[in-house]
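Listed below, chain by chain, are the residues.
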Amino acid sequence: KVVTLNLNGKTLTAKTDTVGDGIFTVVTGGDLTINGEGTIDSACQTNDYSMAIWAKETGKVTINGGTIYGPENASKAIVVHDGSANIKGGTIQGGMYDLDVYEENLSSTKILSFDENGVGATFTKGISSYGGNLSNYLADGAAFYNENGEIVQPTVDELGNSVIVGTVIVKKIQ
């Protein structure tokens, strides 16, 4: 099913997530697009595996704007695990990381891109990939920038994951 959500300045808040599926779980045959300014807030959840958005199986998620909060006690706001995503706008804030990509079938998928102004999403705490290099997910012509406007590269953490810690902004290379 294809669903387009225009946030239109509104806030969507999850009160509970006892299973850890997130506010939106997009699975095979699902296609979710999020547009406009507004907020998706899953920060009140207490499940360690909760998130705001989960693209799994072959589900597809497109994020063009909005502010997305993940739970502070969990490790992510958005998870892409065997699904697909096109994140080209918005501000995302999770617990440990804002975005987790589980590398299984995504080796050539460019999920991080930018809008017509050359600016993509802002991740406030960092991003990570389990099993793949984050740079592989950048659209052609895009780079990771820190809040000082400097290009940054992913590093490998103690578990072997590709990570960038701190504020990360996806932008068109200038």
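Just so you know, the residues in each chain are numbered from 1, in the order the chain's sequence is written. For this predicted model, a pLDDT threshold of at least 70 governs which residues receive local features, and a threshold of 80 or more governs which side-chain atom pairs are given and counted, while totals over whole chains, interfaces and linings are taken from all residues. To obtain the side-chain values, all non-hydrogen atoms of the structure were used and water was disregarded.

**A word on the overall build of the protein**
In step 1: By definition, any uninterrupted DSSP run of H or I lasting at least four residues is a helix, any uninterrupted run of E lasting at least two residues is a strand, and each is numbered from the N terminus. Within the protein, the secondary structure is distributed over 0 helices and 18 strands.
In step 2: We take the radius of gyration over the C-alpha atoms and set the globule estimate at 2.2 Å times the residue count to the 0.38 power. For the protein, whose C-alpha radius of gyration is 15 Å, the value lies close to the compact-globule estimate of 16 Å for 174 residues.
In step 3: Seen along its three principal axes, the alpha-carbon backbone of the protein occupies a region of about 40 × 35 × 30 Å.
In step 4: Burial classes: relative accessible area under 20% of the type maximum marks a residue as buried, over 50% as exposed, and values in between as partly exposed (1.4 Å probe, protein chains only). For the protein, with 174 residues in total, the buried portion stands at 49%.
In step 5: By definition, residues are in contact when any of their heavy atoms lie within 4.5 Å. Taking the intrachain contacts of the protein between residues at least 6 apart in sequence as the baseline, contacts between residues at least 24 apart amount to 73%.
In step 6: The accessible surface values rely on the Shrake-Rupley method and a 1.4 Å probe; as for residues, cover is taken only from the protein chains in view. Only carbon and sulfur atoms are counted for the fraction: they give 48% of the accessible area of the protein, which is about 8,200 Å².
In step 7: Averaging the locations of the 11 positively and 20 negatively charged side chains of the protein gives two centres separated by 8 Å. Charge assignment in this entry is limited to Lys and Arg as positive and Asp and Glu as negative, and neither His nor the chain termini are counted. Charge coordinates come from a single atom per side chain, which is NZ of Lys, CZ of Arg, CG of Asp or CD of Glu.

**Focus: the pairing of strand β7 (residues 60-63)**
In step 1: Bridge count for strand β4 (residues 31-35) against β7 is 4 bridges, and the pairing is parallel. Within β7, the position partnered with Ile 34 by the bridge is Ile 63.
In step 2: Pairing between strands is defined by DSSP: at least two bridges between them are needed. As defined by bridge partners, β7 adjoins strand β10 (residues 84-87) across 4 bridges and the pair is classed as parallel. By the bridge assignment for β10, Thr 62 is matched with Asn 86.

**A closer look at the environment of Gly 89**
In step 1: Tracing the backbone through its elements, the reader meets Gly 89 in the loop between β10 and β11 (91-93).
In step 2: Along the backbone, Gly 89 and Gly 36 are 53 residues apart, and their C-alpha atoms lie at a distance of 9.5 Å.
In step 3: Excluding its chain neighbours within four sequence positions, the residues that come into contact with Gly 89 are Ile 63, Asn 64, Gly 65, Gly 120 and Ala 121.

**Notes on the sheet that holds strand β8 (residues 67-69)**
One key point about sheets: their strands pair by backbone hydrogen bonds, in either a parallel or an antiparallel sense.
In step 1: Spatially, 7 strands are ordered β2-β5-β8-β11-β13-β18-β15 in an open sheet, and the strand pairing comes out mixed. On the outer flanks of this sheet lie β2 (11-13) and β15 (142-145), each paired with one strand and no other. Across the sheet, the axes of successive neighbouring strands diverge by a mean angle of 15°, strand direction being ignored.
In step 2: The sheet contact formed by β8 and β11 spans 3 bridges and is parallel. Counted as the bridge partner of Ile 68 is Ile 92 from β11. Working convention: axes come from line fits to C-alpha atoms, limited for helices to the stretch in contact. Angles between N-to-C directions cover 0 to 180 degrees.

**What about the sheet that holds strand β3 (residues 24-26)?**
In step 1: As summarised here, the arrangement of the 7 strands in space is β3-β6-β9-β12-β14-β17-β16, forming an open sheet in which the pairing is mixed. The open sheet terminates on both sides in strands that have one partner only, identified here as β3 and β16 (155-156).
In step 2: Inspection of the sheet shows strand β6 (residues 53-56) paired to strand β9 (residues 78-81) by 4 bridges, in the parallel sense. Considered in β9, the bridge of Ile 53 is made with Ile 78.

**Quick look at the side chain of Asp 98**
In step 1: Within the secondary structure, Asp 98 is located in the loop between β11 and β12 (99-102).
In step 2: In this structure Asp 98 is buried but unpaired, with Lys 125 as the nearest side chain of opposite charge at 6.3 Å.
In step 3: Between N or O atoms, a polar contact is any pair within 3.5 Å; within protein, one atom must be a potential hydrogen donor and the other a potential acceptor, and residues adjacent in sequence are included only when both atoms are from side chains. Among the polar contacts made by the side chain of Asp 98, one reaches the main-chain amide nitrogen of Thr 124 at a distance of 2.7 Å.
In step 4: If we ignore the near neighbours within four places in the chain, the residues touching Asp 98 are Lys 76, Ala 77, Ile 78, Ile 92, Gln 93, Phe 123, Thr 124, Lys 125 and Gly 126. Any Lys or Arg side-chain nitrogen found within 4 Å of a carboxyl oxygen on Asp or Glu counts as a salt bridge.

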